Amino acid sequence: MPQHNTKQVEEKWRNFWEKEKIYKFDPKSVSGTKSQDSSSKRERNKKPFSIDTPPPYVSGTMHIGHAFSYSQQDFIVRFYRMFTGNVFYPFGTDDNGLPTERYVEKINKIKSKSMSRAKFIELCLKTLKKITPDFINGYKDLGISADYNVYYSTIDKNTQKVSQKAFIDLYNKKLAYKKEFPTIWCPECQTTIAQAELEDKEFEGIFSTLKFSCNGKNLLIATTRPELLGACVAIFVHPDDKRYKGLIGKFAKVPIFDYEVPVIGDKSADPEKGTGAMMVCSYGDKYDVDAINRHKLSPRIIFDKKGIIKQGEYKGLKIKQARKKILEDLKKNNLIKEQKKISHVVNVHDKCGTEIEFLPTEQWFIKILDNKKTWISQGKKINWYPKYMYQRYVNWVNGLEWDWSISRERHFGIPIPVWYCEKCKEIILAKESDLPVDPLQTKKICSKCKQEAKGEEKVLDTWATSSLTPQISSSLINTRFGVPFSLRPQAHDIIRTWAFYTIVRSYLHEKKLPWNNIMISGYTKLEGQKMSKSKGTGIDPKKLLQEYGADALRFWAAGASLGSDVNYQEQDLVAGKRFINKLFNASRFVFMNLVDYKPKKLKLIETDRLFLSRLNGLVDICTKSFKEYEYSKVKLEAGNFFWNCFCANYLELIKKRVYNGTKQEKESAFFTLYNSLLVLLKLMSPIIPFITEEIYQEHFRKNEKFKSIHVSNWPGKIKIKENKDDKKIFEELIRFNSFVWKKKKQAGKTLKDEISGIKIPKPLAKIKKDLVDTHNIK
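Residues numbered from 1 in each chain as written. Predicted model: local features only at pLDDT ≥ 70, side-chain atom pairs only at ≥ 80, totals over all residues. Heavy atoms only, no water.

A few words on the overall build of the chain. Assigned secondary structure in the chain consists of 22 helices and 27 strands. Along the three orthogonal principal directions, the C-alpha set of the chain runs to about 110 × 65 × 45 Å. Evaluated residue by residue, the chain yields a buried proportion of 56% over its 778 residues. Restricting the contact set of the chain to residue pairs at least 6 apart, pairs at least 24 apart contribute 77%. In the chain, 137 positive and 91 negative side-chain charges are present, and the distance between their average locations comes to 3 Å. (Helix = DSSP H or I, 4+ residues; strand = E, 2+ residues; numbered from the N terminus. Buried < 20%, exposed > 50% of the residue type's maximum accessible area, 1.4 Å probe, protein only. Contact = heavy atoms within 4.5 Å. Lys, Arg positive; Asp, Glu negative; His and termini not counted. Charge placed at Lys NZ, Arg CZ, Asp CG, Glu CD.)

Now for the pattern of salt bridges. Using the criterion set out here, one finds 39 salt bridges in the structure. Here Lys 707 ties to Glu 20 by a salt bridge, and the two come within 3.6 Å at their closest N and O atoms. In this pair, Lys 707 sits in the loop between helix H20 (689-700) and helix H21 (726-746) while Glu 20 sits in the loop between helix H1 (6-19) and helix H2 (28-31), placing the two residues 687 residues apart along the sequence. Taking the relative accessible area as the measure of exposure, Glu 20 reaches 31% and is therefore partly exposed. Among the salt bridges present, the one from Arg 294 reaches Asp 266, with a minimum N-O distance of 2.8 Å. Of the two residues, Arg 294 sits in helix H7 (residues 286-294) while Asp 266 sits in the loop between strand E11 (260-265) and strand E12 (277-281), which places them 28 residues apart along the sequence. Under the relative-accessibility criterion, Arg 294 is labelled partly exposed at 40%. Using a relative accessible area of 7% as the deciding quantity, one classes Asp 266 as buried. Here the salt bridges do not stand alone but share partners, grouping Arg 225, Glu 227, Arg 323 and Glu 357 into one network. (Salt bridge = Lys/Arg side-chain N within 4 Å of Asp/Glu carboxyl O.)

Time to look at the packing of aromatic side chains. Evaluation of the coordinates by the stated rule reveals 46 aromatic pairs. Pairing Phe 167 with Trp 364 gives two aromatic rings, centres 5.2 Å apart and planes at 80°, and the pair type is edge-to-face. Here the residue Phe 167 occupies a position in helix H6 (residues 157-172), and Trp 364 occupies one in strand E14 (residues 357-366), the gap between them amounting to 197 residues. Residue class for Phe 167 comes out buried when judged on its relative accessible area of 3%. Since its relative accessible area comes to 0%, Trp 364 is described here as buried. Measuring from centroid to centroid gives 5.9 Å for Trp 384 and Tyr 390, while their planes differ by 55°, and the two rings are tilted. Among the residues examined, Trp 384 registers a relative accessible area of 5% and is labelled buried. The buried category is assigned to Tyr 390, whose relative accessible area is 16%. The ring of Tyr 148 carries Lys 140 above its face, with NZ or CZ at 5.0 Å from the centroid. Taking the ring centre of Trp 498 as reference, the NZ or CZ of Arg 488 above it sits at 3.1 Å. (Phe/Tyr/Trp six-rings, centres within 6.5 Å; stacked < 30°, edge-to-face > 60°. Lys NZ or Arg CZ within 6 Å of the ring centre and 35° of its normal.)

As summarised here, the arrangement of the 3 strands in space is E17-E22-E18, forming an open sheet in which the pairing is antiparallel. Taken across any chain shown, the strands that pair with only one partner, and hence form the sheet edges, are strand E17 (407-408) and strand E18 (414-415). (Pairing = 2+ DSSP bridges.)

The next subject is the sheet that holds strand E24 (residues 515-521). Spatially, the 3 strands line up as an open sheet ordered E15-E24-E23, and their pairing is parallel. Where the open sheet ends on each side, the last strands, each with one partner, are strand E15 (383-385) and strand E23 (485-491). Put simply, the sheet's adjacent strands are angled 20° from each other on average, direction ignored. Judged from the 6 bridges that link them, E23 and E24 form a sheet pairing that is parallel. (Axes fitted to C-alpha atoms, helices over the stretch in contact; angles between N-to-C directions.)

In terms of burial, H20 is largely enclosed, as 11 of its 12 residues are buried. By the burial criterion, the buried members of H20 are Pro 689, Phe 690, Ile 691, Thr 692, Glu 693, Glu 694, Ile 695, Tyr 696, Gln 697, His 699 and Phe 700. Looking at the buried positions of H20, the neighbouring elements they touch are H1, helix H3 (64-83), helix H5 (117-141), helix H15 (550-557), helix H16 (570-592) and helix H19 (663-684).

Once that is clear, we can look at unusual backbone geometry. Residue Pro 386 is bonded to the preceding Tyr 385 through a cis peptide linkage, with omega at -5°. Relative to the assigned elements, Pro 386 resides in the loop between E15 and helix H10 (389-398). Cis peptide bonds are those with omega within 30 degrees of zero, and the linkage from Leu 435 to Pro 436 qualifies with -5°. Inspection of the secondary structure assignment puts Pro 436 in the loop between strand E20 (427-429) and strand E21 (454-455). The backbone phi angle of Lys 511 is positive, close to 60°, even though this residue is not glycine.

This paragraph deals with the side chain of Gln 378. Among the secondary structure elements, Gln 378 is positioned in helix H9 (residues 372-380). Of the residues examined, Gln 378 reaches a relative accessible area of 5% and is grouped as buried. Residues in contact with Gln 378, not counting those within four places in the same chain, are Ile 503, Tyr 507, Lys 512 and Leu 513.

Further remarks concern the pairing of strand E8 (residues 217-223). In the sheet, strand E7 (residues 198-214) pairs with E8 via 7 bridges, with the strands oriented antiparallel. The residue bridging Thr 209 from the neighbouring strand is Ala 222, located in E8. In textbook terms, the turn of a hairpin is the stretch between consecutive antiparallel strands, and for E7 and E8 this stretch comprises 2 residues, one of which, Asn 215, has a positive phi near 60°.

Tyr 393, Phe 500 and Phe 646 are the most contacted members of the largest nonpolar core, which totals 180 residues. Top contributing element to this core by residue count: helix H18 (residues 631-660), with 13 residues. When residues no more than four places from it in sequence are discounted, the contact partners of Tyr 393 are Trp 375, Ile 376, Gly 379, Trp 384, Ile 495, Phe 500 and Ile 503. (Core = buried A, V, L, I, M, F, W, Y, C linked by side-chain atoms within 4.5 Å.)

Looking now at the side chain of Thr 154. Tracing the backbone through its elements, the reader meets Thr 154 in the loop between strand E4 (151-153) and H6. The exposure class of Thr 154 is buried, given its relative accessible area of 0%. Polar side-chain contacts of Thr 154 include one of 2.8 Å to the side chain of Asp 94. (Polar contact = N/O pair within 3.5 Å; in protein donor to acceptor, adjacent residues only side chain to side chain.)

Given a rise of 1.5 Å per residue, 16 residues ought to cover 22 Å, and the 21 Å separating the end C-alpha atoms of helix H13 (residues 495-510) matches this to within 8%. Counting buried residues in H13 gives 14 out of 16 residues, a clear majority hidden from the surface. Immediately beyond the C-terminal end of H13, within one or two residues, lies Lys 511, with a positive phi of roughly 60°. (Expected span 1.5 Å × (residues − 1).)

Our focus in this paragraph is the pairing of E7. In terms of strand pairing, E7 meets strand E13 (residues 336-349) through 13 bridges, oriented antiparallel. Within E13, the residue paired with Lys 201 across the bridge is Val 346. Sheet topology note: the E7/strand E10 (residues 251-253) ladder contains 2 bridges and is antiparallel. By the bridge assignment, Cys 214 is partnered in E10 with Ala 252.

If you want it as structure tokens, here you go:
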């Protein structure tokens, strides 16, 4: 069988879609005026189906996970473009964040902190200008049907203006504030991070029971972090723990460091954990932060921002070096009671995998802790697909322990639009008319004391900007448009960040939902493990596109139900390519017999009516499934119908009639072939857009009014008489065909050979002639 040239076909239609502006957004549809598409002549909805498109990080090439999840969102977008008309589907890139900084550092072999901020920003922008066009082309090659002319970057001037304006709004509402507080710190990236940017990672460690001394006796305390001994400010024991009741209120001596700390009765000490006594350090974890604040203890900060000890005998040692050296010294001085190797879970920075610390730094925060009930209530108003993902959101909100830290010690980010007067301590905000602004590049005079104010050096966290993507993308079109959008598509690992923060920002700024629906995709895995480009465990989608084509890759992505993680298996792409070739060849067979065919209404032969009745049932299933974001069900149902009902059964039933039937018999078959193939193409076009466009343009365009299958109307039911028993009779037909073919095979006959002794079931009496002709029944 002939096979179509995947590469040529996909390049041809990608160029066609771009040249003809097939996916161009019609802004008139927002203003309330009635707008008509030039090719379809159909009236568009007043409000389009709008997508809060995820902006992928511009850090090299597309990841296989992006190919997977962006294909899934595109299935839904393409369906709604055909089903309701106009679609607002902008495209953005996320180049304001640590991944971009680290990528620029890597390819240029430099460190951002070794350069001035202005120089590093200049280098980042130059690098992005070079790599972004090819990066975006990867999404075009995949067939992502965004309007690429409605484009934003999370660092461009318009985005900076939107983000800075939103910050000023929160400050004026007293929802953004600055405070010195022990915050989560990444020594590798040298910046604060938010709770949502933490991941759990398992490490091997040593659990050492150390000898403190109190009241002339050993006080044993177990820890995995002996490097924090110099930061110890207290010993906690449970007030009801009989072993330590006599020590509460006394002082214990810290081993090696030889200074004393109070022994405090506190119910946070667990008598069942370790020795029951615990050291409180500044700061080992969030519990230390809480303990020190509750008891108003004076912290001892021993590490600097690079994770290096600042003073004393161990000055200059990094955390792990200090841990090793202190254990050696404890052992020399017989201050270790026992040790054992353990495996334990530690919080790490999700961007670099480094173990985090807690350091007191002055940072900007957004108030979120006091409104947990509001965030849960707002989330509940949104339709979650799949539904169970809402519970993940609720669990995250209930687990929040701090306000949202939004400032970062980085070079490449959106500047916080604030100045400080060091003389009178006045905080000066930028005027809206001056936005976007960089306080380090713009002078500001304090209106009170007439002194030059100091510009804020920190920048906004990337999520502080990405949480405004609905506002950013709607600002790109010159018309009224805003939240709520129709849909947010995203992966489940960023429910805690992107979904949560966007819900928060839309409420704080506008008291609205950001979107009505959210669809959550899963991970792609390789042999059960999440694929990671940074760890070298990913598969390059560019290579898959070259070998199998975009349609086959999308076909694979459609096989996973929404929210589910899926294992990559090459056989799935092979199956996709096989399906595409079968669709191509079946279409060629159909139109070999439909030369110069013009669709017209006529009286149908019963076999054709029965088949179209089942096709109508498929249209109902696929329409309902797409509305419920069950694209995998569309692939399954439409795929099975094409293979089993259309190719394996219907085409076989009408072959003799097409070649040798009467005029009416032929015309009935031609009508059914034309309309059923067109419907099947449309049902599958959101999933495999290139091959369906190829077949549509070659065979249907001359009779249809739409310049592309992707802006044509979603198929409705073909107007025929339908009976309540049609489904049952059609299933009986398929069973009968299988029965006869099996009989012939058992008898060593070909499908064309005559067969006798076959009785046609009573429910199939009306299609007896087609059955006799098909099976050559004597």
